[in-house]
Amino acid sequence: MVHCSPVQHQVSCSKLICKFGVFPFQSSCDKDVILNILSVLTDLLSLGTGRRIHYVVSKGGSEALLQALATAARTEPPDHDILLPLLRLLARVGQRDRKFGLKVQKAEATDIILSLTRRDLGHHLHLTHCLWVLRVCASNVTTGTMLGINGAMELLFKVITPYSKRHVRTVRAAIGALAALLKSKSNSRRAVNRGYLGELLRLYQDWHRNDVSNNYIYIRRGLLLCLKYITNIQLGRETFFGSRGMEILFTSVQDCLSCKNLDPIITTATHILRKCYPKEHLPVVTVRSSYSFPLPGNANSEPPCEGSEGDSESEGEEEAEKDWENEDVDSKEEDCDLETDVNKLRSRPVLDRPEQELEKYEALCAELSQNFQSLEDRTENLPSTPSHFIPRATSVKHPNCRWRNQSVSEMGPDPGEQDFKVPLQSWRKKEECIWDKNDEKRDIADEVQDKDFCEEEDPSRSHVFALCPLPKDAAWYKKMFYPHCEASINPSPAGRLESSEVVRNLLEKHQRDIQFHSPHFYAARAKCVKSIPGYRELAFPDFWGHQPPPYSKPVLERKHGVQRDKVLDDVRRLIQPGDVIGRTVFDLDDPSPAAPGCLTFFSKFESGNLRKAIQVREFEYDLIMNADVNSNQHHQWFYFEVRDMKSAVPYRFNIINCEKLNSQFNYGMQLVMYSVREALQGRPRWIRAGQEICYYKNHYRCSAAAGGGVRGRFYYTLTFSIKFPHQDDVCYLAYHYPYTYSTMMSHLDILERNRNPKKVYWRQQTLCQTLGGNPCPLLTITAMPESKNRDDLEQFCNRPYVFLTARVHPGESNASWVMKGTLEFLVSSDPIAELLRKCFIFKIVPMLNPDGVINGNLRCSLSGDDLNRQWLTPSSQLHPTIYHAKGLLYYLSSIGRAPLVFCDYHGHSQKKNVFLYGCSIKETLWQAGCMVDTAVVTEDVGYRTLPKILDKVAPAFVMNSCSFLVEKSRASTARVVVWKEMGVLRSYTMESTYCSCSHGLYRVSKPSKKPSGLQLGTQELEEMGSKFCLGLLILHLKSLPCSKELMAQAALLLDLEEEITDRAQRSVTVVSRGLCCGN
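Residues numbered from 1 in each chain as written. Predicted model: local features only at pLDDT ≥ 70, side-chain atom pairs only at ≥ 80, totals over all residues. Heavy atoms only, no water.

Participant: Give me the lowdown on the overall build of the chain, citing residues and values where you can.
Facilitator: Each helix and strand in the chain was counted, giving 38 helices and 22 strands. The buried share of the chain, reckoned over its 1079 residues, is 59%. By sequence separation, contacts in the chain at least 24 residues apart represent 78% of the contacts at least 6 residues apart. Of the roughly 44300 Å² of accessible surface on the chain, a fraction of 50% belongs to carbon and sulfur atoms. (Helix = DSSP H or I, 4+ residues; strand = E, 2+ residues; numbered from the N terminus. Buried < 20%, exposed > 50% of the residue type's maximum accessible area, 1.4 Å probe, protein only. Contact = heavy atoms within 4.5 Å. Areas by Shrake-Rupley, 256 points an atom, 1.4 Å probe, with all protein chains shown as cover.)

Participant: Describe the pairing of strand 5 (residues 612-617), naming the residues involved and giving the relevant values.
Facilitator: Most of strand 5 is tucked away, with six of its six residues classed as buried. Taken together, the five bridges between strand 5 and strand 6 (residues 620-624) define a ladder with antiparallel strand orientation. Across the sheet, residue Ile614 finds its bridge partner in strand 6, namely Asp622. Connecting strand 5 to the antiparallel partner strand 6 that follows it, the hairpin turn spans two residues. (Pairing = 2+ DSSP bridges.)

Participant: If you had to explain the packing of aromatic side chains to someone new, which residues and values would you point to?
Facilitator: Tallied over the entire structure, the rule returns 35 aromatic pairs. Summarising the aromatic geometry, the rings of Tyr735 and Tyr994 are spaced 5.0 Å apart at their centres and angled 80° between planes, so their arrangement reads as edge-to-face. Taken together, the residues span a long stretch of sequence, with Tyr735 in the loop between strand 13 (730-734) and helix 28 (741-754) and Tyr994 in the loop between strand 20 (986-993) and strand 21 (1003-1004) at a distance of 259 residues. Across the pair, exposure class does not vary: Tyr735 and Tyr994 are buried alike. On the basis of an interplanar angle of 80° and a centroid distance of 5.3 Å, the ring pair of Phe915 and Tyr917 is categorised as edge-to-face. For Tyr917, a relative accessible area of 15% translates into the label buried. Each member of the aromatic cluster is reached from another via a ring pair, and the members are Phe601, Phe619, Tyr621, Phe638, Phe640, Tyr651, Phe653, Phe665, Phe720, Phe724, Tyr735 and Tyr994. In this structure, Arg172 packs its charged tip against the face of Tyr218, placed 4.3 Å from the ring centre. Positioned over the ring face of Tyr883 is Arg353, at 3.9 Å from the centre of the ring. (Phe/Tyr/Trp six-rings, centres within 6.5 Å; stacked < 30°, edge-to-face > 60°. Lys NZ or Arg CZ within 6 Å of the ring centre and 35° of its normal.)

Participant: Can you explain the nonpolar core? Please cite residues and give values.
Facilitator: Core analysis: the largest hydrophobic core is formed by 150 residues, its most contacted members being Phe540, Phe601, Leu623, Phe653, Tyr732, Phe842 and Tyr905. With ten residues, helix 37 (residues 1018-1039) is the largest single contributor of residues to this core. Grouped together as the second largest cluster of nonpolar side chains are 93 residues, Ile82, Leu114, Leu147 and Tyr204 included. (Core = buried A, V, L, I, M, F, W, Y, C linked by side-chain atoms within 4.5 Å.)

Participant: Which residues make up unusual backbone geometry, and what are the values?
Facilitator: Omega for the peptide link from Glu76 to Pro77 comes to -10°, which places this bond in the cis form. Looking at the element boundaries, Pro77 is found in the loop between helix 4 (61-74) and helix 5 (80-96). For the bond running from Thr161 to Pro162, omega is -5°, close enough to zero to count as cis. Relative to the helices and strands, Pro162 is located in the loop between helix 10 (152-160) and helix 11 (168-181).

Participant: Lay out helix 31 (residues 831-839) with the relevant residues and their values.
Facilitator: Residues Ile832, Ala833, Leu835, Leu836, Arg837 and Cys839 constitute the buried set of helix 31. Among the residues of helix 31, the N-terminal cap falls to Asp830, whose side-chain oxygen and the backbone nitrogen of Ile832 are separated by 2.8 Å. (Polar contact = N/O pair within 3.5 Å; in protein donor to acceptor, adjacent residues only side chain to side chain.)

Participant: Explain the pattern of salt bridges residue by residue, including any values.
Facilitator: Counted according to the given criterion, the structure contains 36 salt bridges. Residue Asp570 is joined to Arg573 by a salt bridge in which the shortest nitrogen-to-oxygen separation is 3.9 Å. Taken as a pair, Asp570 and Arg573 lie in helix 26 (residues 562-575) at a separation of three residues, close to a single helical turn. Among the ionic pairs, Glu620 bridges to Arg573, the shortest N-O distance being 3.1 Å. Of this pair, Glu620 sits in strand 6 while Arg573 sits in helix 26, and the two are 47 residues apart along the sequence. Classification of Glu620 as buried rests on a relative accessible area of 4%. You can call Arg573 buried: its relative accessible area is 16%. (Salt bridge = Lys/Arg side-chain N within 4 Å of Asp/Glu carboxyl O.)

Participant: Give a detailed account of the packing of helix 13 (residues 196-210) against helix 16 (residues 245-256), specifying residues and quantitative values.
Facilitator: Running from amino to carboxyl end, helix 13 crosses helix 16 at an angle of 20°, the nearest separation of the two axes being 11 Å. Considering their axes alone, helix 13 and helix 16 lie roughly parallel with respect to each other. The hand of the helix 13/helix 16 crossing is left-handed. Each of Leu201, Tyr204, Gln205 and His208 in helix 13 lies in contact with helix 16, whose residues at this interface are Gly245, Ile248, Leu249, Ser252, Asp255 and Cys256. (Axes fitted to C-alpha atoms, helices over the stretch in contact; angles between N-to-C directions. Parallel < 35°, antiparallel > 145°, perpendicular 65-115°, else oblique. Left-handed = near helix turned anticlockwise from the far one by under 90°.)

Geometric values such as these leave the question of function open.
Right, here's the structure in full:
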């Protein structure tokens, strides 16, 4: 006789059971056989993973167990020796069987389970087993509803009430089953109507009060889950509020905060409090933007109606259940959006305008017909034209602004040709502008009034631009500017800095070492900007300039429970309103003098965005952002001034009308701050700032009526605390490093002036005028031909094109900093830049949406449209920059000069790293699960070459973050349209994070902690722009035929570049380790 081990016996029994398919105890009458089978199944299913349970389910195990339950329940009296293991198996299998509830209905087992539960009310061991099965059955909403109709809730309330610590295991099982039943809205409504919500609150109070040793956390949390599901319906929330549920839970949570073991209770209670906080509309007259712009023709500036307000019964709280640790929540949603129609994915060049219209774009490609009679600087400066027309050589000057037909020196008194130079050093060392000290003393107020530079069409616009006022009464200001005078300085009647004496004093303090920046040039350019509010003041950071800090800051470590604490603090306003002030201290819609004893806010300057500020408590303020012009949505970008602060006091700011479901602010990102006092002391820089930062859904909502027809939506709060470094300072806070239109224009002026005209071909033209009447510049950059001989001129004309654009979305200021790095590298004297210019002709539109940037928009232009969704059929009237950028691309394609690379620079608010989006037919079809016939669908994989190169040469770039899928919702973006209609294989969107990197050089590992990234600053973003250029050179060498001389020169330079990069990486690694040790 062969003896086998218990394990072998179990395995052989399981094989025997599964072999017959139908479980043999269904027809067996032998009790010992049934018990033996149940024992084997119990042992098998209690070991290992859930694969065994899934296998049993696939073989009909759930149905067999339910049938066995029905058979066992019919015996009188019931045999609990069989019923108990059977109920345990049903509870275990049912948890893994997604269709268990439907199978229970089909087997008509709901009445059986309820009958057993009623019968066993006096026997708690038997009752507990029945409750386990009842809970699993109720997980199906339909089955749960049926159980509720048949009296399951009444039965459960008999078990859990009144409060008693006897039979705790049974009470816990009953509460779990009740919570499962209450997931059904009809059950929740029935519970409210029968007064069970009040019973649950009283029961929760009893358990909370008597559980001094915290031994019954699961019971307390189970009761909170019941309340959570009941309050998913509006009737439940109203009853909860009327039953003083807010006060009860808020008080109980305060008792739990000191014990970390009670986090499950605190988290659930906080969720209920946030959900049941009475819903309010934003405290504004209308959610539409404070600014409006009349559109040309018959265009409607009202936002389209997207449907009526949804049912208020459910508030979409499922979203709030998502774990905030999960950043890439949209990855699965993208698969549903993929384009699977091969015909729509194929390249189809179809003109969206008459072919003869393309001829006008020839004027924007003068480099193709340049004869170079003399190789001296002959870069032409074409004048601007009226709106929506392509500039020609014979174009008339725009009446509102003297522009590119004028030299930079004509912007005011000649700065002095000899002294105004920028030494073009290697691109690895940042160039520094050396200004003549005599020029710095010129009065900027006089300069910006120079009528030769800017002739105003509207007399009402003729004003003197002024800096936002400095706190002249502050002790530090007097000491810095008037050390020998104790008397206070009386401000001007308008309260703004218009004194040339003060400006001269300011400029004397300027260190003159901010690369590629001049306050003179900035102010002069800013005077010509046309804005809807009619800006009259300059923000100090934009005027003074920004110098990157000497180090990068790691992402902010999230303090445990910070979001919970902030939500509870918000609830305290409702529960304990004694210290709530609630006064408006700044309002764009109702300008009034600032209230005393509080911070002073201001945002009416270029790119500024702050609509309203409300003082909640002494050191807490609610802030409301302005919507995009001609829109009622898009709230994310903010940029405003704050003053009259106390030092070393934590001020809390709550931006209460954010719209995105999630934000990098939940993953260590900080906002940026600029201190005027720090700048005047020699540290002019934007720095990462803010503590206790979190982002969460709040109680404000937008109704369909208030939103101009848009479906009712919820808002989110971005909250942060800041300790200002100085008393009575003037500080600026922004979502990200600001980069204004005037900054770009003055930057182009300085680059043009300081390039080497014998080596750099630079042509700046106006692509078109925007809706707001601001010129949209177009740059052409390449290398001057070596000589006038035919071969050199032919090489010049035959260089392939690279087409770059940026800042189509105004709130993505990081895109402009990347573009800044690209432009500075392209005109530098670096040998790699010189070689790159000989390889390509660059067409660059550095800012596709000037009006949006100027007026502080997040995403749209003055038409209220997202310009990166207009590339399929752009309007020459409503979307002139897109219309003419596409027209220029059409023209290049029509003459056989389609760009080798097209790249649109963007910023990404919810992802880390820098990465590319490209276009691939095969990858899109494969990802969508479609069969791909490789004989029919052929594709050049060259679109992957550039991102692979960038992954090696650019520290912030991560290939694994790239995607080459074509989504239906992106069909009208620049990337997809240029790929399909112009046939550009390498058509990309380059996304730069606002936050940090999760891979590579800029990720730091902290001792005994998980790795975290360094927050990218302007220096790293500019570096990305220059490294993109390096990637283009390597792409040229890999993809296009090159002369031996060029290959040898490039190989030498790239070897040197690799050595320098290795040194830089080692240096950054050392600095990162130092920062980590310091933290």
